[in-house]
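# Fold and contact review
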Amino acid sequence: MQRALIGEIISRFEKKGLRIAGMKMMQLDDKILEEHYAHLVKKPFFPSLKASMKKTPVVAMCLEGVDAIAVVRYITGYTNGRKADAGTIRGDYCMSNQQNIVHASDSPEAAVVELARFFHPEEIYDLGNLNMDRLYAVDEA
C-alpha cells in the first residue's frame, strides 16, 4: 500500500499461473500483529515493524496452484531485500530486511494457520478446475 505496488505484485503471481482464491484489504491491529509475528515480539525492531504494518491497510491473499507455497516463496525472494535476487518481488522493490513488501507462508501447516488468521472460511473460494488445463499438464493438476 505505502509504495503503490499492489497491482504489480498481484500481477506477478497471476502471470506465473497462481490463482487468487481469496483477497481482501484490511487494517491490522496490535492483536493480530503480535499473534502473526509472535516469534519477533521480543526483538528490538518489533515496535517499528508493528508501527509500519499499521500505517496503512494491507492486502491479504490466498493463492493456489501446484506447489503454491514454494512458488510464492520463490517469487517473493529472500527476506532481506538487499540479498534477494533481481527478478523477485523483494529483489526488485525493497532494500530492507524488515520492510520487505510481502509475507509468504513457509509451509502448508503455517499457511493453514495464517489463512485462518486473516480470512473467514466463506472468504476463500473453491475455483475448481477453472483454467487448470491452461496452467498444467494433465498429470500435474
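Predicted model only: the values in this text are computed from it and were never measured.

A few words now on the packing of helix α1 (residues 6-16) against helix α4 (residues 68-76). Between α1 and α4, the least distance of the axes is 11 Å, while the angle of their chain directions is 130°. The angle between α1 and α4 falls in the class oblique. α1 and α4 meet at a crossing whose hand is right-handed. Together, Arg 12, Phe 13 and Lys 16 of α1 and Val 71, Val 72, Ile 75 and Thr 76 of α4 make up the contact between the two elements.

Scanning the entire structure with this criterion turns up eight salt bridges. A salt bridge links Asp 30 to Lys 50; the nearest nitrogen and oxygen atoms lie 3.5 Å apart. Highlighted residues: Asp 30 in helix α2 (residues 30-36) and Lys 50 in helix α3 (residues 46-55), separated in sequence by 20 residues. Asp 30 is paired through a salt bridge with Lys 54; the nearest N and O atoms lie 2.7 Å apart. Of this pair, Asp 30 sits in helix α2 while Lys 54 sits in helix α3; the two residues are 24 residues apart in sequence, bridging distant segments of the chain. Taking relative accessible area as the criterion, Lys 54 reaches 33% and is therefore assigned partly exposed. Here the salt bridges share partners, and the residues they tie into one network are Asp 30, Glu 34, Lys 50 and Lys 54.

So, on to the nonpolar core. Grouped together as the largest cluster of nonpolar side chains are 14 residues, with contacts concentrated most on Met 26, Leu 28, Ile 32 and Phe 118. At three residues, strand β2 (residues 58-64) tops the list of elements feeding residues into this core. With near-sequence residues (within four places) excluded, Leu 28 lies in contact with Leu 33, Met 53, Lys 54, Val 58 and Phe 118. Residues Ile 9, Phe 13, Leu 18 and Ala 104 belong to the second largest nonpolar core, which totals 13 residues.

Glancing now at α4. Taken as a whole, α4 has its buried residues at Ala 68, Val 71, Val 72, Ile 75 and Thr 76. Across the axial projection of α4, the buried residues extend over an arc of 130°, all falling on one side. Elements that come into contact with the buried residues of α4 comprise α1, β2 and α5 (89-93). Immediately beyond the C-terminal end of α4, within one or two residues, lies Gly 77, with a positive phi of roughly 85°.

What follows concerns a nonpolar patch on the surface. A grouping of Met 1, Met 23, Met 25 and Val 59 is seen on the molecular surface, where their side chains present a nonpolar patch of about 350 Å² in accessible area. Checked against the element boundaries, Met 25 lands in strand β1 (residues 19-26). Among the residues examined, Met 25 registers a relative accessible area of 53% and is labelled exposed.

Cut-offs applied
- Residues numbered from 1 in each chain as written.
- Predicted model: local features only at pLDDT ≥ 70, side-chain atom pairs only at ≥ 80, totals over all residues.
- Heavy atoms only, no water.
- Axes fitted to C-alpha atoms, helices over the stretch in contact; angles between N-to-C directions.
- Helix = DSSP H or I, 4+ residues; strand = E, 2+ residues; numbered from the N terminus.
- Parallel < 35°, antiparallel > 145°, perpendicular 65-115°, else oblique.
- Left-handed = near helix turned anticlockwise from the far one by under 90°.
- Contact = heavy atoms within 4.5 Å.
- Salt bridge = Lys/Arg side-chain N within 4 Å of Asp/Glu carboxyl O.
- Buried < 20%, exposed > 50% of the residue type's maximum accessible area, 1.4 Å probe, protein only.
- Core = buried A, V, L, I, M, F, W, Y, C linked by side-chain atoms within 4.5 Å.
- Arc of directions from axis to C-beta.
- Patch = residues over 30% accessible without salt bridge, like charges linked within 9 Å, V, L, I, M, F, W, Y side chains within 5 Å.
- Areas by Shrake-Rupley, 256 points an atom, 1.4 Å probe, with all protein chains shown as cover.

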